Amino acid sequence: MTKIEDPLPKEITDIMDVSEFENEAGIVIDSVTFNTYELCLNFSFRYYDETSPHRWRLTVGHAKEERIVREWTSQIALYKQHPRLLKYTDAYTELYFSGTSTQHLNLCADIYKSLQMLTDDFDGLKEYVLSPGTTEALCQQGYGLFASGPKTILMLYHQCLTKYGIHSYFVGEREVLTEDTGLKLFQLGSSYIIGREFIFNRVQ
């Protein structure tokens, strides 16, 4: 899955495009606040020398999910397509199976490799990795629900199960909810926020 970026404000990209930025500056989160409808993230571009920090406020409307990590980073981006968005932007379905296999470790490894090949940002898909113990239990169980989630992910499971002679099939499919259309992901180092509206304002 290819990640597709949305443009950041030109004033931010101009800061990032300066050749000295990578070695002489970074971005840090100063604070985050929540209310019923919005999430506000205050962050700043800071420099090793005496240059005053450039402070920004990001207001996110209809925020769905976030992870906030206080760290020094040089990575900042806004994505309209990203593996972390699949749970909201992809059809939701359930994958059932019938059959057993003694090769549960190979099956587990193949699912892991398939997820790795889907995107260059594997961190966004870690929640879909099955442990060897879980895979073994399912292979011994012989039938039932194998997994539920985004259809793009479950198609990979389906292909791996077929390789080991285990029949699998999809049951039910829920289309993307209207409230989840147009969601984007803002990433700042290890931090991310998923929401619909992203408004950047220079504070200082």
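Our structure's up above, just so we're on the same page.
How each quantity is defined
Starting afresh in each chain, residues are numbered from 1 along the sequence in its written order. Reporting in this predicted model follows two pLDDT cut-offs: at least 70 for local features of residues, and 80 or more for side-chain atom pairs to be given and counted; totals over whole chains, interfaces and linings ignore these cut-offs and use all residues. Heavy atoms throughout the structure, all of them, feed into the side-chain values; hydrogens and water do not. One side-chain nitrogen of Lys or Arg within 4 Å of one carboxyl oxygen of Asp or Glu is enough to make a salt bridge. Each helix is a run of DSSP H or I of at least 4 residues and each strand a run of E of at least 2, with the numbering of both proceeding from the N terminus. Each residue's exposure class comes from its accessible area (1.4 Å probe, protein chains only) as a fraction of the maximum for that residue type: buried when under 20%, exposed when over 50%, partly exposed otherwise. In this analysis, rings of Phe, Tyr and Trp, with Trp reduced to its six-membered ring, are considered paired at centre separations within 6.5 Å, and the interplanar angle assigns stacked below 30 degrees, edge-to-face beyond 60, and tilted for intermediate values.

## With respect to the pattern of salt bridges
Part 1 of the reasoning: Under the criterion given, the structure shown has 13 salt bridges.
Part 2 of the reasoning: For E65, the salt bridge goes to K87, with nearest N and O atoms at 3.5 Å. Separated by 22 residues along the polypeptide, E65 in strand β5 (residues 65–67) and K87 in helix α3 (residues 86–89) bring together distant segments of the chain.
Part 3 of the reasoning: Assessed through its relative accessible area of 16%, E65 is described here as buried.
Part 4 of the reasoning: Relative accessible area serves as the criterion here: at 29%, K87 is assigned to the partly exposed category.

## Some points on the packing of aromatic side chains
Part 1 of the reasoning: The tally for this structure, following the rule as stated, stands at 8 aromatic pairs.
Part 2 of the reasoning: With centroids separated by 5.6 Å and ring planes inclined at 80 degrees, the aromatic side chains of F97 and F146 adopt a geometry described as edge-to-face. Of this pair, F97 sits in strand β7 (residues 92–98) while F146 sits in strand β8 (residues 143–150), and the two are 49 residues apart along the sequence. Of the two residues examined, F97 and F146, each falls in the buried class.
Part 3 of the reasoning: Ring plane angle 65 degrees and centroid distance 5.8 Å describe the contact between F186 and F200, whose orientation is recorded as edge-to-face. A residue pair is termed long-range when its members are at least 10 positions apart, and F186 in strand β10 (residues 184–188) and F200 in strand β12 (residues 197–202) qualify at 14 residues. In this structure, F186 and F200 share a single accessibility class: buried.
Part 4 of the reasoning: By the ring-pair criterion, three or more aromatic residues cluster together here, those being F43, F45, F186 and F200.

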